[in-house]
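# Reading the structure
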Amino acid sequence: MTTTPSRRSRFPTTQWAEIGRLQAMPVEQRRAALGEFLELYQPALRAYVRRFFVGVGEQDVEEMVQDFAIDRILDYDLIAKVSAERGRLRALLKVACKNYCMTQLRKAGSRPKAAGHGVDVIVSTADESFELSWAEVVMTEAASRVEQRFKSRDQYDRLCLLRIHILDPARGNASMITIAQLAREFGVTPTLMRSKLSKVKQIFVKTMREVVAEYAESSRGVDEELAALKRGLSQPG
């Protein structure tokens, strides 16, 4: 009997132990297991390709990333060839995708250029776009888990604080509702509402760590990844 996976289980656990488990699977089973994994990485890969290959149309970007997923990850079985010694899986995917797209564009006789920008600027901008997109994926997953927690406990004041004073600012949207206004709406003092906001922030940060820990290689790796995600979210969209 098959069961529908929970939202929590859909986030890919990409610890190297999990990669080893995938590598040990039969090919067809591994291909199926990679489906949801690719769904989460593709937006970041599209953002990277879009910025790296300036002048390539959006439809071509979509097709190249999709073809990369099929040709290199599924058919070529990139996952079966990676190892912990070669670095973060995310970085490997990015480089492999760039090389694949370069080959496809070369075959098609296309050589897009970035007017007025050197290669170093193009690479830097593409990297920033990739990291911003991935940071948003991780933040969205953490937010979903925290939202489920607050909803299950009927803590709608904390849910509002999460969305208005944590998620919106992180996405570059200035909050239009003050703590005092929320306090009046929920019939509490501003002091109590600020205390609740502090608690919500602690829960959200803890949940972000839990999400990152599902694919980071070590506790040190979690700290490094959280710092990288913070830098990614601070980049202009």
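Computed from a predicted model, the values in this text were never measured in an experiment.

### Section: the pattern of salt bridges
- Under the definition given, this model contains 7 salt bridges.
- A salt bridge links Arg145 to Glu141; the shortest N-O distance between them is 2.7 Å. Separated by 4 residues within a single helix, Arg145 and Glu141 lie in helix 5 (residues 119–152), roughly one turn from each other. In terms of burial, Arg145 and Glu141 fall into one category: buried.
- One salt bridge in this structure joins Asp223 and Arg209, with 2.9 Å as the shortest N-O distance.

### Some words on helix 8 (residues 190–213)
- The end-to-end C-alpha distance of helix 8 is 34 Å, a good match for the 34 Å that 24 residues give at a rise of 1.5 Å each.
- All of the buried residues along helix 8 are Met193, Lys196, Leu197, Val200, Ile203, Phe204, Thr207, Met208, Val211 and Val212.

### A few points about the nonpolar core
- Counting 51 residues, the largest nonpolar core has Val49, Trp134, Val138, Leu162, Phe204, Met208 and Leu229 as its most contacted members.
- Of all the secondary-structure elements, those providing two or more residues to this core are helix 2 (27–52), helix 3 (58–75), helix 4 (89–107), helix 5, helix 6 (156–170), helix 7 (179–186), helix 8 and helix 9 (219–234).
- Counting residues per element, this core draws most heavily on helix 5, at 11 residues.
- Not counting residues within four places of it along the chain, the set of residues in contact with Phe204 comprises Met139, Ala142, Ala143, Val146, Leu162, Ile166 and Leu167.

### Quick look at the packing of helix 6 against helix 8
- Two elements in contact, helix 6 and helix 8, have axes separated by 9 Å at closest approach and are oriented at 75°. With respect to each other, helix 6 and helix 8 are oriented roughly perpendicular. From helix 6, Asp157, Arg158, Leu161, Leu162, His165, Ile166 and Leu167 reach across to helix 8, where they touch Met193, Lys196, Leu197, Lys199, Val200, Lys201, Ile203 and Phe204.

### Focus on the packing of helix 7 against helix 8
- Packing of helix 7 against helix 8 leaves a shortest axis separation of 8 Å and a crossing angle of 105°. Relative to helix 8, helix 7 is oriented roughly perpendicular. Counted together, Ile179, Ala180, Leu182, Ala183 and Phe186 of helix 7 and Pro190, Met193, Arg194 and Leu197 of helix 8 form the full contact between these two elements.
- Of the residues in the contact of helix 7 with helix 8, the class split is 8 nonpolar, no polar and 1 charged.

### Some remarks on the packing of aromatic side chains
- For the structure shown, the criterion picks out 3 aromatic pairs.
- Between the aromatic rings of Phe68 and Tyr100, the centroid separation amounts to 5.8 Å while the plane-to-plane angle is 55°, which identifies the pairing as tilted. In this pair, Phe68 is assigned in helix 3 and Tyr100 in helix 4, connecting sequence segments 32 residues apart.
- Under the relative-accessibility criterion, Phe68 is labelled buried at 0%.
- Chaining the aromatic ring pairs together yields one cluster made of Tyr48, Phe52 and Phe53.

### Considering the environment of Ala135
- Within the element layout of this structure, Ala135 appears in helix 5.
- Exposure remark for Ala135: the relative accessible area of 0% places this residue in the buried category.
- Measuring from C-alpha to C-alpha, the distance between Ala135 and Leu233 comes to 6.2 Å, with 98 residues separating the pair along the chain.
- Contact partners of Ala135, with chain neighbours within four places excluded, come to Leu229 and Leu233.

### Here we look at the confidence of the model for the protein
- Summarising the model, the protein shows a mean pLDDT of 76, and 68% of its residues fall at 70 or more.
- Throughout residues 1–10 the model reports pLDDT below 50, and contacts reaching past four residues in sequence, or to other chains, amount to 11 contacts.
- Note that pLDDT drops below 50 for residues 114–121; the model gives that stretch 3 contacts with residues more than four away or on any other chain.

### Some remarks on the state of the cysteines
- The tally for this structure, following the rule as stated, stands at 0 disulfides.
- Its sulfur unpaired, Cys101 is 4.1 Å from the next cysteine sulfur, which belongs to Cys97.
- Note on Cys101: relative accessible area 0%, which makes it buried.

Thresholds applied
- Residues numbered from 1 in each chain as written.
- Predicted model: local features only at pLDDT ≥ 70, side-chain atom pairs only at ≥ 80, totals over all residues.
- Heavy atoms only, no water.
- Salt bridge = Lys/Arg side-chain N within 4 Å of Asp/Glu carboxyl O.
- Helix = DSSP H or I, 4+ residues; strand = E, 2+ residues; numbered from the N terminus.
- Buried < 20%, exposed > 50% of the residue type's maximum accessible area, 1.4 Å probe, protein only.
- Expected span 1.5 Å × (residues − 1).
- Core = buried A, V, L, I, M, F, W, Y, C linked by side-chain atoms within 4.5 Å.
- Contact = heavy atoms within 4.5 Å.
- Axes fitted to C-alpha atoms, helices over the stretch in contact; angles between N-to-C directions.
- Parallel < 35°, antiparallel > 145°, perpendicular 65-115°, else oblique.
- Nonpolar A, V, L, I, M, F, W, Y, C, P; charged D, E, K, R; others polar.
- Phe/Tyr/Trp six-rings, centres within 6.5 Å; stacked < 30°, edge-to-face > 60°.
- pLDDT = per-residue confidence, 0-100.
- Disulfide = S-S within 2.5 Å.

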